[in-house]
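One-letter residues, chain by chain:
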Amino acid sequence: MDSNKYLDDISKIKDLMHRSSRFISLSGLSGIMAGIYALTGALFTYLFLLPEPGQYLTLHSWNFRLIIIILISVALLSVLTGYLLTSKKAKKNNEKIWDETTKRLLISFLVPLVTGGVYILIKLNSQHYGLTASLMLIFYGLALVNASKYTLGNVKYLGYAEIILGLVCAALPGYGFWFWIVGFGFFHILYGSLVYFKEEK
């Protein structure tokens, strides 16, 4: 009897240590919504903003600027939705949404992401457009893998998938738009669905 209680106490201690070192309130629904936002933005871009076959986007064209606005809007909506849904889940589970673990998570995530964003802007300013989608996927994947040690462990698998997809995209630069849809749209919906039904149901 004492042995069972001892093992139970150890299990509880391990669980507390796990919770204190990881941000575990990420919402699967936020991943699903991020994918939906990405697909919606991509559909609008495909219907109205992509150049005709044989033509290219230029850095100073009106449609390129609108595409940038759409990308920023998708990112902001995803972050806002993620924050609201994660806050709701944290409150439900009596967890803090902002603590030292959250800070470490954000730093680990933002360093590769911001580095990649700056590098992409440098390449665009040099009129190197072909690898933009692949670089976005690769650096986003690296950010996920880097941050995974502070949140749900399986987020690293989404990161690996994004990195691999980005590398394949780099080998097929003419299809960057479609790889972007798969990586930021369908992968997010798939991952978010898995998290929602596994962790939240």
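The structure under discussion appears in the preceding block.
Each value, and the rule that gives it
- Residues numbered from 1 in each chain as written.
- Predicted model: local features only at pLDDT ≥ 70, side-chain atom pairs only at ≥ 80, totals over all residues.
- Heavy atoms only, no water.
- Helix = DSSP H or I, 4+ residues; strand = E, 2+ residues; numbered from the N terminus.
- Expected span 1.5 Å × (residues − 1).
- Buried < 20%, exposed > 50% of the residue type's maximum accessible area, 1.4 Å probe, protein only.
- Polar contact = N/O pair within 3.5 Å; in protein donor to acceptor, adjacent residues only side chain to side chain.
- Salt bridge = Lys/Arg side-chain N within 4 Å of Asp/Glu carboxyl O.
- Axes fitted to C-alpha atoms, helices over the stretch in contact; angles between N-to-C directions.
- Parallel < 35°, antiparallel > 145°, perpendicular 65-115°, else oblique.
- Left-handed = near helix turned anticlockwise from the far one by under 90°.
- Contact = heavy atoms within 4.5 Å.
- Nonpolar A, V, L, I, M, F, W, Y, C, P; charged D, E, K, R; others polar.

Caption draft 1: Region of the structure containing helix α2 (residues 28–48). The end-to-end C-alpha separation of α2 is 31 Å, in line with the 30 Å expected for 21 residues at 1.5 Å each. Every buried residue belonging to α2 is among Gly28, Ser30, Gly31, Ile32, Ala34, Gly35, Tyr37, Ala38, Gly41, Ala42 and Thr45, and all of these are buried. Capping of α2 at its N-terminal end is provided by Ser27; its side-chain oxygen lies 3.2 Å from the backbone amide nitrogen of Leu29.

Caption draft 2: Molecular detail of the pattern of salt bridges. Using the criterion set out here, one finds one salt bridge in the structure. Residue Lys103 pairs with Glu100 through a salt bridge whose shortest N-O separation is 3.3 Å. Taken together, the residues span about one helical turn, with Lys103 and Glu100 both in helix α4 (residues 100–125) at a distance of three residues. On the basis of relative accessible area, Lys103 is assigned to the partly exposed category, the value being 33%.

Caption draft 3: Looking closely at the packing of helix α5 (residues 132–147) against helix α6 (residues 155–171). The contact between α5 and α6 brings their axes to 7 Å, and the two run at 160 degrees. The angle between the axes of α5 and α6 places the two elements in the roughly antiparallel class. Like other packed secondary-structure pairs, α5 and α6 cross with a definite hand, here left-handed. Of the residues in α6, those in contact with Ala133, Ser134, Leu137, Ile138, Tyr140, Gly141, Leu142, Leu144 and Val145 of α5 are Val155, Lys156, Leu158, Gly159, Tyr160, Glu162, Ile163, Leu165, Gly166, Leu167, Cys169 and Ala170. Looking at side-chain class alone, the contact of α5 with α6 contains 15 nonpolar, four polar and two charged residues.

No statement about biological role is implied by the geometric values presented.
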